Amino acid sequence: MQKVVEVLGSREELIERSLAVVLSKITAAIAERGMCTIAAAGGSTPEPLYRSLATQDLPWDKIHVFWGDERYVAPEHQDSNQKMARLVWLDRVNIPAGNIHPMPTGAGDPAADCRAYQTELQQFFQISDGEVPAFDIILLGIGDDAHTASLFPGTAALQVRSALVTVGNKDGQPRITFTVPLINRARCVIFMVAGASKQPALAEIFAPAADDMTYPARLVQPEGELWWLLDALAGAALK
Ligand code: 6PG
């Protein structure tokens with residue numbers, strides 16, 4: 001694993017730097033393998049990055065967009081990660097509909113939808129049970145509680161090793177989430193973190209020793225590159 005930690009200035013500078021890194025990884029993936037697979041993060045931090053991506057002249061037919069986690073709501077629900085990304089990004093670029101791979105949330109059974117997404121991943125990457133595909137880019141954020149994706153502190157999802165996708169649990173609310181093994185197979189994981197409220201979580205995530213079950217983002221140790229892009233407010237935790 002190669003780890004890069006950059007503390008930028010403002011939130012805007014964080015987004016600019018994130019865009020530059022993402023674009024470089026997209027370009028490299030397409031040059032090397034003819035396509036790029038990217039898993040989007042939810043939450044508010046990446047939204048301006050998605051808006052910026054929508055202004056880029058990219059070979060969208062070679063880019064496949066997945067999600068690293070999803071709230072268990074309908075795609076048109078205001079809390080949907082898919083809804084946000086389509087609104088500010090995917091509806092604004094000429095990407096084929098088949099290149100967009102949302103996490104299903106319509107079965108009325110989160111475990112069933114997890115199995116459906118796992119099947120979609122296996123078919124897309126042409127892999128069998130037990131194999132773990134390598135995404136070119138996985139975008140992540142962290143919560144104030146050091147969760148990432150929908151891997152929340154103390155939940156069973158943190159320990160799932162035999163699946164690619166599992167049911168997350170936020171205060172009793174189900175989520176669909178990538179598992180730790182799938183995240184850690186990535187060629188490049190990029191955390192985007194902004195705001196002073198993230199300082200306590202970052203201090204524990206970067207501490208030499210702390211409990212991974214309490215601070216789940218510590219579990220992200222990808223085979224490829226690990227980028228931490230922080231604004232100054234969040235990055236103050238590392239001083
Ligand atoms: C989600 C995200 C989640 C997010 C963090 C940070 O579905 O909410 O995947 O893991 O990245 O909660 O959210 P903010 O960017 O809004 O601080």
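Here, every reference points to the structure presented above.
Here's what I pulled together on the structure shown here. Computed from a predicted structure; not experimentally measured.

With that out of the way, let us pick up the sheet that holds strand β6 (residues 165-170). Strand order in the open sheet formed by 3 strands is β4-β7-β6, with antiparallel pairing between adjacent strands. With partners counted over all chains shown, the strands left at the sheet margins are β4 (69-71) and β6, one partner each. Taken over all neighbouring pairs, the strand axes of this sheet differ in orientation by 30° on average, direction set aside. In the sheet, β4 pairs with strand β7 (residues 173-178) via 3 bridges, with the strands oriented antiparallel. Looking across to β7, one finds that Glu 70 is bridged to Ile 176. Here helix α4 (residues 110-125) sits on the sheet in contact with β6 and β7, set at roughly 140° to β6.

Right, let's talk about the site of the ligand for a bit. The local shell around the ligand holds 15 residues, among which Ser 44, Thr 45, Asp 69, Ala 149 and Lys 198 are the closest. A distance of 2.7 Å separates an oxygen atom of the ligand from a polar atom in the side chain of Ser 44. At 2.7 Å from an oxygen atom of the ligand is found a main-chain nitrogen or oxygen belonging to Ala 149. Out of a free accessible area of 420 Å², the ligand has 86% covered by protein chains. When atoms are counted within 2 Å of each cavity's grid points, the one that captures over half of the ligand is the largest pocket.

What counts as what
- Residues numbered from 1 in each chain as written.
- Predicted model: local features only at pLDDT ≥ 70, side-chain atom pairs only at ≥ 80, totals over all residues.
- Heavy atoms only, no water.
- Pairing = 2+ DSSP bridges.
- Helix = DSSP H or I, 4+ residues; strand = E, 2+ residues; numbered from the N terminus.
- Axes fitted to C-alpha atoms, helices over the stretch in contact; angles between N-to-C directions.
- Contact = heavy atoms within 4.5 Å.
- Near = heavy atom within 4 Å.
- Polar contact = N/O pair within 3.5 Å; in protein donor to acceptor, adjacent residues only side chain to side chain.
- Areas by Shrake-Rupley, 256 points an atom, 1.4 Å probe, with all protein chains shown as cover.
- 1 Å grid on protein atoms, 1.4 Å probe; cavity = no way out; pocket = protein on both sides within 12 Å on 5 of 7 lines; lining within 4 Å.
- Sits in = over half its atoms within 2 Å of the grid points.

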